[in-house]
Amino acid sequence: TLPFSLFVKAVEQAPVAISITDKKANILYINQAFTDVTGYNAAEILGKNESELSDKSTPRQIYYDLWHTISRKQVWHGQLVNRQKMGQRYLADLIIAPMFDDRGAISHYIGMHRDVTQAH
Ligand code: FAD
């Protein structure tokens, strides 16, 4: 079997921005690619809400759809307009999935996103 440390490294080094949050989207973990994409390091963003990344120009209906989907234990995939620490806007292609405890209840959420601004 693979050593546990290898799973940790896989997440740390994955070439996609990964964050793990509590059920209210407060950020508990970010990987290196998250820092590369957003400009925020762990000390700056841990404990803050994912809404910190929002450019506030995405229609509210999209956030409603996002929460409606993930709180029903489904995976949400969509695009949001985000803002880096230094203010630069970018288009985020994002997958958000619930994580489950041993009883099957939602314990956390995992978010994975890429900057797809160039693709448009
Ligand atoms: P909010 O007040 O946070 O929410 C807007 C609407 O969302 C509310 O009216 C409600 O309908 C719904 N909502 C919010 N919180 C909850 C909740 N706990 N349960 C049920 N419904 C709720 N947003 C981004 O803009 N960019 C990102 O990259 C991003 N990544 C995310 C990653 C993860 C893993 C998760 C879980 C969420 C992410 N979000 C992201 C969503 C973010 O948490 C905010 O909901 C969103 O940015 C809107 O923020 P707001 O302050 O404008 O409004």
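Everything that follows concerns the structure shown earlier in this document.
Residues numbered from 1 in each chain as written. Predicted model: local features only at pLDDT ≥ 70, side-chain atom pairs only at ≥ 80, totals over all residues.

Asks: Would you mind going over the overall build of the chain in detail, with residue names and values included?
Replies: Scanning the chain for helices and strands turns up 4 helices and 5 strands. Along its sequence from the N terminus, the chain presents helices and strands in the succession α-β-β-α-α-α-β-β-β. For the C-alpha atoms alone, the extent of the chain along its principal axes is close to 45 × 30 × 25 Å. Relative to its full complement of 120 residues, the chain shows a buried share of 16%. (Helix = DSSP H or I, 4+ residues; strand = E, 2+ residues; numbered from the N terminus. Buried ≥ 20, exposed ≤ 12 C-beta atoms within 10 Å, placed from the backbone.)

Asks: Explain the site of the ligand residue by residue, including any values.
Replies: What surrounds the ligand is a group of 22 residues, the closest being Ala25, Ser51, Ser54, Trp67 and Gly111. Going through the elements one at a time, β1 (17-21), α4 (60-70), β3 (76-83), β4 (89-100) and β5 (106-115) are the ones with two or more residues in the shell around the ligand. (Near = placed C-beta within 6 Å.)

Asks: So what's going on with unusual backbone geometry? Residues and values would help.
Replies: Phi angles above zero are rare outside glycine, and Ala25 is one such case at about 75°. Inspection of the secondary structure puts Ala25 in the loop between β1 and β2 (27-30). You will see that Lys56, though not glycine, has its phi angle at about 65°, which is positive. One can find Lys56 in the loop between α3 (42-45) and α4.

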